[in-house]
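Letter by letter, the chains look like this.
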Amino acid sequence: MAPPTRRGGRPGGRRPRATPVRDEARNAAYDLLRAVDERDAYANLLMPTLLRERGLSGRDAALATELAYGTLRGLGTYDEIVAACSDRPPEDIDPPLLDAIRLGVHQLLKTRVPPHAAVSATVDLVRLRVGTGASRFANAILRKVATRDFDAWVAIVAPDAEQDPVGHLAVAYSHPRWITSALRDAVGGGTGETAALLAADNERPVVTLVAWPGRSTVGELLDAGAVAGRYSPYAAYLPEGDPGAIEAVAQGRAAVQDEASQLVALALTRVPIDGPDDLWLDMCAGPGGKAGLLDALAVQNDRRLLAADQRFHRARLVWRATRRAGVITADGTAPAWREGVFDRVLVDAPCTGLGALRRRPEARWRRSADSVRELGGLQRRLLGSALDAVRPGGVVAYVTCSPHLAETQAVVGDVVKRHGGVEVLDAPAFLREVDDLGEGPYAQFWPHRHHTDAMFLALLRRHSTG
Ligand SMILES: C[S@@+](CC[C@H](N)C(=O)[O-])C[C@H]1O[C@@H](n2cnc3c(N)ncnc32)[C@H](O)[C@@H]1O
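Predicted model, so just to flag it, every value in this text is computed and none were measured.

*Asks:* For this particular structure, what's the right way to read the UniProt feature "domain: SAM-dependent MTase RsmB/NOP-type" (unreviewed entry) in the protein?
*Replies:* Per the UniProt record, "domain: SAM-dependent MTase RsmB/NOP-type" (unreviewed entry) is found at residues 183-463. Secondary structure across residues 183-463 comprises 36% helix and 21% strand; the distance between its end C-alpha atoms is 33 Å.

Shown next, in the form of structure tokens:
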């Protein structure tokens, strides 16, 4: 890409406009970035409110969302590029200014926004929101950024792919190094497959709906513009539009739910068990995604579901998502139920959420490797407690929305060894409609293979009291 010239229409050649123009979509994107930085806001929860408050809809809403989420996902790479274009490292740049520059870099390198528009809109934003002096600094950085495309910058700023493959992938695909390394170990493939996984984390996931059986049908969702799901008999994808505008969703008969989440809950119900099959437990049920499906299946098959969550407000959400389940606020590690009374138990354990990075654009920068260690003890206690809660012959599903080996195989391996009397079942055998879940006995979904979250499933049968 040629360097900017004054006449050629390139961004840097233009003088700043006398009066900065306020662009509502970019302002909303900027405010989201600031809220994430200053108040630890969750981008996917705050964005709909921001759009509503600003009266943004249609293309403006889509632009604001794309700019904010894209910037949050990509800022690992963008900061390396800013560092290469500035005499100050990003950590020495005032955070409000840095966020505006990141927004500009994203527009220049990852969108079809014309470069002159990307620069002038960012410079205007900085003048209005940060200050005139800062806008000159932003202008100078963005002029340099605009001299190359994304791949050319990665070739300059990322560590050498041969000498430091993890470092290269981390910068090229904007993931923290520790997550890149953990995902590479978990996917078990080479650099190519890790790159495909990291790239999938940077894509906008399609909205997936679940038609709760007995309450709505996939046909009803298809009539409302959705497309049939690939694997789950209850799934439909919504290519565009607001899911809340679909009648079945608005009436609480269907919901938004990733397809892998549907399938792991379904797999638990598919394992044959000898003897009674009356009472099911969802031990970590909030906010109620899997409980909603389990409850609907329980109602259809004349079973009973007890759904528990340690936090009251999460339990309340479960109550709203279910129709007949008993819902309680309870700590699964200090159970409010007798041992060995349940026929099937789901432990959807609290985890790092590294399998859902597509949905939570800022999450990768919030978590640290310490959180894996911190969660490990709780995950082990919850799974141990689930094995106590299930009757001999009954089944436990251990699920995480993280593929990190320390949260998945290591937890199951340790608890099974300690507990005794537990058989690890071949989980992929209960999900025959899905290819490539791994060689067993565990099932691992992947965004780049299945277009779902990276959900992990272990199915365990309790044989004796151990
Ligand atoms: C991964 S989320 C569960 C998601 C849920 N199954 C769904 O599909 O919507 C984990 C849940 O575990 C709850 N939790 C954390 N510690 C717990 C404990 N000791 N006992 C019960 N629930 C707990 C959290 O409040 C959180 O709602």
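*Asks:* Help me understand the pairing of strand β7 (residues 326-329) in this model?
*Replies:* Regular strands have side chains that alternate between both faces of the sheet. Of the strand pairs in this sheet, strand β6 (residues 304-309) and β7 are connected by four bridges, and their pairing is parallel. The partner of D309 across the bridge, within β7, is T329. What joins β6 to β7 is helix α15 (residues 312-321), and the crossover it makes is right-handed.

*Asks:* Mind showing me how you'd approach the site of the ligand here?
*Replies:* The environment of the ligand is made up of 20 residues, and the closest members are C284, G286, G289, G332 and D348. At the level of elements, α14 (289-300) and β6 are the ones that each hand at least two residues to the shell around the ligand. For the shell around the ligand, the per-class residue count stands at seven nonpolar, seven polar and six charged.

*Asks:* Would you mind showing me how to read the environment of G104 here?
*Replies:* Counting through the fold element by element, G104 comes out in helix α4 (residues 95-110). Put simply, G104 and P115 are eleven residues apart on the chain and 9.3 Å apart in space, counted from C-alpha to C-alpha. Ignoring sequence-local partners within four residues, the contact set of G104 consists of A118, V119, T122, A138 and L142.

*Asks:* Whenever I open this one, the domain arrangement of the protein confuses me. Can you help?
*Replies:* Often, the extent of an interface is quoted as the loss of accessible area on bringing the components together. Entries for the protein in the domain assignment read domain 1 (11-150), domain 2 (158-201), domain 3 (207-256) and domain 4 (260-462). Spacing between the C-alpha centres of domain 1 and domain 3 amounts to 35 Å.

*Asks:* Sorry if this is basic, but what is going on with the nonpolar core here?
*Replies:* Soluble globular proteins: nonpolar side chains tend toward being buried together. Core analysis: the largest hydrophobic core is formed by 147 residues, its most contacted members being L209, A267, V347, A397 and L457. Looking at this core, the element that brings in the most residues is helix α3 (residues 58-85), giving eleven residues. Look past the residues within four positions of V347 in its chain and what remains in contact with it is M283, C284, L382, L383, A386, V396, Y398 and V399.

What counts, and at which threshold
Residues numbered from 1 in each chain as written. Predicted model: local features only at pLDDT ≥ 70, side-chain atom pairs only at ≥ 80, totals over all residues. UniProt positions renumbered as here; feature names shortened; annotations may be inferred. Helix = DSSP H or I, 4+ residues; strand = E, 2+ residues; numbered from the N terminus. Pairing = 2+ DSSP bridges. Right-handed = clockwise from strand over helix to strand, strands pointing away. Near = placed C-beta within 6 Å. Nonpolar A, V, L, I, M, F, W, Y, C, P; charged D, E, K, R; others polar. Contact = placed C-beta atoms within 7 Å. Domains from an automatic or database assignment. Core = buried A, V, L, I, M, F, W, Y, C linked by C-beta atoms within 7 Å. Buried ≥ 20, exposed ≤ 12 C-beta atoms within 10 Å, placed from the backbone.

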